[in-house]
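# Architecture and fold: a report
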Amino acid sequence: MRRILALLLCLGGSTLVTAQTTATLTVKVTDPQGQAVDGAAVTLANPVTGLNRVLVTDAGGLATFTNFPFHNYDVSVEKAGFTPEKRTAAMRSNVPVTLDVQMKLEDHVISVDVSAAATGVLVDPDSTGTHTELNQGSIGKMPTAPGARGIEGVMLTMPGFAANANGAIHPRGAHNQMTFVVDGMPISDQLTGAFANAVDPTVVESLELYTGNVPVEFGNKVSGVAVVTTQSGLNSGKKFAGSAAVSAAEFDMLSAVAQVAGGTGKFGYFASMNAMKSNRYLDQVSIDNLHNGGNSERAFTRLDYQATPVDILRLSVMAGRSEFQLANLRSQQASGQRQRQELNDISVSTSWLRTMGAKATMEVNTSFRNAFAELFSSAGDTPVSASQSRRLTTWNLGGRSSLFTGRHNVRAGVDYQRFPLREHFNFAITDAGFNRPGAGDFIETLLPYDLTRGGGWFRFSGARAGQMASAFVQDQIRMGRFQLYLGLRFDNYRFLVNGSQFQPRVGVSYHIKETGTVLRASYNRTYQTPPNENLLLASSPDAAMLAPASVREQLGEGFAHIRPERQNVYELGVQQAVGRAVSLTASYYHKQSDDLQDNDNFLNTGIIFPTSLAKSRVNGAEGRVMLWPGRRFSASVAGTHYHVIVTPPFTGGLFLGSAAVDALSAGPFVIDHDQKLGLSSNVVYNVTKSVWTSLTVRHDSGLVSNPSDPAEVRVDPDYADLLPYVNLESDPPRVRPRTVTDVVVGYTRTKDGEKRWEAVAQVSNLFDRTALYNFQSIFVGTRLVSPRAASVRLKWFF
């Protein structure tokens, strides 16, 4: 924690900049004579996303909402002596919008028809692709796993994802290939517990997810783009407020969170500190949960400043640290293996947004992120001992301009990214039974690194810097009932390989107002760069020589660098409102890729090595139903299906003794993140104004496992008791289906309309289902779903 505080202090005065991706709405309230109405309650709400904010107009009759995502919103105004007014506000750009509301005296109006406004937010006629959004109000009532370290669990309630171990998620058939945009700063690191410190869900104000027709503003890794807007104290109405929370759960989990926020009309601040420890830090590799403790600390600060009526400045600083043991198999525990890993990161961003008249804005943006990872070996390591030290630095520089005029909403920009890498990795074989000469899976080139047969250590060190320059332009055109999206992006990538590509992305939607229906279609061309984690080693001749002979033969006994993935994506979709209570969304998509990006997990350690396969084909369908959003009782159900076929050969990776690589190199196969069906449902019931309960049920039909021989597994003491949870006889083999239920009950104490304290009790995996995420996968290893765990949280507000 001291290291995090030091970094925050050192970088707090930095002048780095990043983009604004939120809307600003000023509501001006007047009476029938046009005079300002002071003290009117103005509510901005979207029941589908969960956003609900209330402000009171000032002496000038103004209420200004900032820091909320682009969407359609209900705006309601209430004041004693006047009839309530309702409007719909379509927020589509960062150009500030003013909404004039003239109130009528109560005696002059008999009734108010608000049905159009209420129906308008159940569908999004301006969206031409799959776009899902959640806000803090909804996120705060979702059951989350004890000690959850990131927002990935929240994203699993959205359609399009398959769940994997340690918070990893597969968006639409991809291994990861996601970008998180935090207050405008793009982060393409793999943000899961084993690889990096994830985004703290307690600092999130809103979460937008793009999986279909991804805007051309986003590049690099775009199988899914999560736009995270953090909390702000600007225009909060309070100069100082905050909260403190403590949590406890089984597996000796303890956590604490402290947050403060406040501000005025010109200045706002928000800060958060979070610390957690657990004896089940990562998902375990055996039922016994051996050697699996860890702790993490995170800090976040955001400052907003309205320098002039047309200039807004923002500074954000985010830092994290985690240190944890690597979970052991029984044989490793008996041998005395005590490997551990440490992750550290620091990110800084600020932004400057200038409003240029009533229809245009200009932005200047840069950001900086430094991420460190270290693996520490131990004396009892088996079957392989390994150590690692790596650093990934990312610099971003760019600019944006937006113009909102008539039927056009134009946005254009340029970006430059530089990413220096440094890698050190060592390993040696310590088990004489591993890679035994004469065995069918013996790899001769591993023999020099077998300590049991007189070999030495494999050692790799490398440092390189890559860069990418990008430019984009897009126009959203409203043409009656049609919404047309036209976008073009160009990326120029220079690193271990050089390449460039133009990426047209187009979409169209058609709004049938009479039936509350929106029809959508889109085409995207994308250019996804390789993961930078351990890319130097994975793309080196050193690693290529360690691959099985069959893989080397396909590459002509040479090696090939991992190239960016080129992908064509087609999507058809429909959204339907049923009255004022139900919203349905469905989509079908097809993806074709060259040089599919993936990862190879190094022997259950959590150390990953990038790899790619020659081609892939994905067909998928997904849907979401929302019932009575924003009501006392609300529910949502999301369903996901996709099928992924990939074609070798492999490029990159570090496959040590993985016999399955031989079989998978022979021809097209179903990759391990293929899943027939994933269902996620969430039900929230507000029993009273103070008592609420929430239930989440998730069903997964099962990911593809390693094609292991059941007879060999049956006699392996590390894996034999996992056989009932994997079907090795199916084609392809899969882990068996699982259904996991989480339930939470909360009580919030209020006084004079202000929250005072809150108590929450939760049970995760209510029925204690034993299940696997994966089994002996060459890509992700073996991991188990968390067993039942009860937790409690107490939170105080001040």
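Small disclaimer: the values here were computed from a predicted structure and weren't measured. (Residues numbered from 1 in each chain as written. Predicted model: local features only at pLDDT ≥ 70, side-chain atom pairs only at ≥ 80, totals over all residues. Heavy atoms only, no water.)

Turning to the overall build of the chain, a few remarks are in order. Counting its regular elements, the chain contains 10 helices and 41 strands. In terms of overall dimensions, the chain is globule-like: its C-alpha atoms have a radius of gyration of 27 Å, near the 28 Å expected for 798 residues. In terms of overall dimensions, the chain has C-alpha extents of about 95 × 50 × 50 Å along its principal axes. Evaluated residue by residue, the chain yields a buried proportion of 59% over its 798 residues. Sequence-distant contacts, at least 24 apart, represent 69% of the contacts inside the chain between residues at least 6 apart. Split by element, the accessible area of the chain, about 30,100 Å² in all, is 58% carbon and sulfur. (Helix = DSSP H or I, 4+ residues; strand = E, 2+ residues; numbered from the N terminus. Rg over C-alpha atoms; globule rule 2.2 N^0.38 Å. Buried < 20%, exposed > 50% of the residue type's maximum accessible area, 1.4 Å probe, protein only. Contact = heavy atoms within 4.5 Å. Areas by Shrake-Rupley, 256 points an atom, 1.4 Å probe, with all protein chains shown as cover.)

Moving on, we come to unusual backbone geometry. Omega for the bond connecting Thr382 with Pro383 falls within 30 degrees of zero, at 0°, which places this linkage in the cis form. Tracing the backbone shows Pro383 in the loop between β21 (360-376) and β22 (384-405). Each neighbour pair has its own omega, and for Asp731 with Pro732 the value is 0°, a cis peptide bond. One non-glycine residue, Arg172, lies in the positive phi region at around 50°. Counting through the fold element by element, Arg172 comes out in the loop between β10 (169-171) and β11 (178-182). With a phi angle near 50°, His291 is a residue other than glycine that sits in the positive phi range.

A few words now on the pairing of strand β40 (residues 781-784). Of the two faces of β40, the one holding Gly781 and Arg783 and the one holding Thr782 and Leu784 are both buried throughout. Relative to β40, strand β39 (residues 772-777) runs antiparallel, the two sharing three bridges. Bridge assignment links Leu772 to a residue of β40, and that residue is Leu784. (Pairing = 2+ DSSP bridges.)

Right, let's talk about the sheet that holds strand β5 (residues 71-78) for a bit. What the four strands build is an open sheet, ordered β3-β2-β5-β6; its pairing is antiparallel. Sheet topology places β3 (51-56) and β6 (85-91) at the edges, where each strand pairs with a single neighbour. Ignoring which end each strand starts from, the neighbouring axes of this sheet average 20° apart. In this sheet, β5 lies alongside strand β2 (residues 41-46) in antiparallel orientation, the contact comprising five bridges. (Axes fitted to C-alpha atoms, helices over the stretch in contact; angles between N-to-C directions.)

The subject of this paragraph is the sheet that holds strand β4 (residues 62-68). Spatially, β4-β1-β7 is the arrangement adopted by the three strands of the open sheet, whose pairing is mixed. Lying at the two open borders of the sheet, with one neighbouring strand each, are β4 and β7 (97-102). Adjacent strand axes in the sheet meet at a mean angle of 20° when their direction is disregarded. With six bridges joining them, strand β1 (residues 23-30) and β7 adopt parallel strand pairing. Counted as the bridge partner of Val29 is Val101 from β7.

Another aspect to go through is the side chain of Asn524. Structurally, Asn524 is set in strand β27 (residues 517-528). Looking at Asn524, its side chain comes within polar contact range of the side chain of Asn213, at 2.9 Å. Within polar-contact distance, the side chain of Asn524 engages the backbone nitrogen of Val214 at 2.9 Å. Apart from residues lying up to four places away in sequence, Asn524 is in contact with Asn213, Val214, Pro504, Arg505, Val506, Gln567, Asn568 and Val569. (Polar contact = N/O pair within 3.5 Å; in protein donor to acceptor, adjacent residues only side chain to side chain.)

Counting residues in hydrophobic clusters, the biggest one holds 41 residues, and the most contacted among them are Phe425, Phe427, Tyr493 and Phe495. Among the secondary structure elements, those contributing two or more residues to this core are β21, β22, β23 (408-429), β24 (458-479), α6 (535-538) and β30 (608-627). If you look at the next biggest cluster of nonpolar residues, it comprises 35 residues, including Ile139, Leu156, Met178 and Ala261. (Core = buried A, V, L, I, M, F, W, Y, C linked by side-chain atoms within 4.5 Å.)

Bringing the confidence of the model for the chain into the picture now. Taken over all residues, the pLDDT of the chain has a mean of 88, while the share at 70 or more is 91%. pLDDT under 50 marks residues 1-19. Its contacts with residues more than four places away, or in other chains, come to 55 contacts. (pLDDT = per-residue confidence, 0-100.)

Overall, the coordinates contain 20 aromatic pairs when judged by the stated rule. Cluster of aromatic residues (ring-pair linked, three or more members): Phe425, Phe427, Tyr449 and Phe458. Directly above the aromatic system of Phe376 lies the positively charged group of Arg340, at a separation of 4.2 Å from the ring centroid. (Phe/Tyr/Trp six-rings, centres within 6.5 Å; stacked < 30°, edge-to-face > 60°. Lys NZ or Arg CZ within 6 Å of the ring centre and 35° of its normal.)

Before going further, it helps to spend a moment on a nonpolar patch on the surface. On the surface, a cluster of nonpolar side chains totalling about 370 Å² of accessible area is made up of Val246, Trp757, Leu794 and Trp796. If you trace the backbone, Trp757 turns up in strand β38 (residues 754-764). For Trp757, a relative accessible area of 36% puts it in the partly exposed group. (Patch = residues over 30% accessible without salt bridge, like charges linked within 9 Å, V, L, I, M, F, W, Y side chains within 5 Å. Salt bridge = Lys/Arg side-chain N within 4 Å of Asp/Glu carboxyl O.)

What the rule picks out here adds up to 36 salt bridges. The shortest N-O distance in the salt bridge between Lys238 and Glu754 comes to 2.7 Å. Within this pair, whereas Lys238 is found in the loop between β14 (224-230) and β15 (241-249), its partner Glu754 is found in strand β38, the two being separated by 516 residues in sequence. Classification of Lys238 as partly exposed rests on a relative accessible area of 36%. For the salt bridge of Glu363 with Arg411, the shortest nitrogen-to-oxygen distance reads 2.9 Å. Here Glu363 is found in strand β21, whereas its partner Arg411 is found in strand β23, with 48 residues between them in sequence. Pair check on accessibility: Glu363 and Arg411 agree, each one buried. Connected via shared salt-bridge partners are Glu217, Glu363, Arg400, Arg411 and Asp415.

Taken together, the side chains of Asp441, Asp709, Glu712 and Glu729 define an acidic patch exposed on the protein surface. Locating Asp709 in the fold gives a position in the loop between β34 (691-700) and α10 (710-714). (Lys, Arg positive; Asp, Glu negative; His and termini not counted. Charge placed at Lys NZ, Arg CZ, Asp CG, Glu CD.)

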